[in-house]
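Results of the structural survey
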Amino acid sequence: AQKVTQAQTEISVVEKEDVTLDCVYETRDTTYYLFWYKQPPSGELVFLIRRNSFDEQNEISGRYSWNFQKSTSSFNFTITASQVVDSAVYFCALSEASGNQFYFGTGTSLTVIP
Amino acid sequence: EAQVTQNPRYLITVTGKKLTVTCSQNMNHEYMSWYRQDPGLGLRQIYYSMNVEVTDKGDVPEGYKVSRKEKRNFPLILESPSPNQTSLYFCASSLNDGESYEQYFGPGTRLTVT
């Protein structure tokens, strides 16, 4: 069965601190996709990144970086020098090979204090 | 503007009164999906559609129906709503073309069933 666990329910950091959001997944598939989405207080869901199971390269996009490790079934998300605008709920998600069925974690609510 | 639209955005109804939440996308996406978001549970997939006339159950399909008669539309039907279907509902679409699986979400529909 597919499963995504985000053990951190809520995190608070002071502005400019670095913060890492954890995501652990379970799947029996050899091909799968991992995603991160952001849900700001306004409520919309914003796509951040997709990773294929066969591509373990870490990725950096500005202040955001993602660390994908198949050995530990983790896909962690780090925000460097956090800003108030980063305050949101962040969801990690897993999709099987066909890209049809999606499994979301329960989300991590990040509050960045000015 | 490329977008997924949902209507209505807010709905209060009574138990047993049939309702439909519409979803439309203008990106010519093959794939569409419905989710519900509940506190502490993250997003859970209700139904998805790989193409016109092709739909399948997600994790929590009980009490819901869908249809995909046109590529751009994917309505969610609650034939006899119950209070446990009070939730925030999101529609999403994606290309699902073998390379692109990221989903683009609508603004959400907040449903209350009394």
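Scroll up to find the structure this text is about.
These lines cover the structure that appears in this document, whether it is placed above or below. Predicted, not measured: the structure shown is a model, and the values here were computed from it.

**Topic: the environment of Ile77(B)**
All names here are of chain B. As for its position among the elements, isoleucine 77 is in strand 8 (residues 76–78). Take isoleucine 77: its relative accessible area is 14%, and that puts it in the buried class. Apart from residues no more than four positions distant in its own chain, isoleucine 77 is found in contact with Lys18, Leu19, Thr20, Gly63, Tyr64 and Lys65.

**With respect to the state of the cysteines**
What we call a disulfide is simply a covalent bond connecting the sulfur atoms of a pair of cysteines. Counted by the stated rule, this structure contains two disulfides over all chains. Across a sulfur-sulfur distance of 1.9 Å, Cys23(A) and Cys92(A) are joined as a disulfide pair. Between Cys23(A) and Cys92(A), the disulfide has an S-S torsion of -65° and is therefore left-handed. Of this pair, Cys23(A) sits in the loop between strand 3 (19–21) and strand 4 (24–26) while Cys92(A) sits in strand 10 (residues 88–96); the two residues are 69 residues apart in sequence, bridging distant segments of the chain. For Cys92(A), a relative accessible area of 0% puts it in the buried group. Here Cys23(B) engages in a disulfide with Cys91(B); their sulfurs sit 1.8 Å apart. Every disulfide takes its handedness from the sign of the S-S torsion; for Cys23(B) and Cys91(B) that torsion is -75°, giving left-handed. Of this pair, Cys23(B) sits in strand 3 (residues 19–25) while Cys91(B) sits in strand 9 (residues 87–94), and the two are 68 residues apart along the sequence.

What counts and how
Residues numbered from 1 in each chain as written. Chains lettered and ligands numbered in written order. Predicted model: local features only at pLDDT ≥ 70, side-chain atom pairs only at ≥ 80, totals over all residues. Heavy atoms only, no water. Helix = DSSP H or I, 4+ residues; strand = E, 2+ residues; numbered from the N terminus. Buried < 20%, exposed > 50% of the residue type's maximum accessible area, 1.4 Å probe, protein only. Contact = heavy atoms within 4.5 Å. Disulfide = S-S within 2.5 Å.

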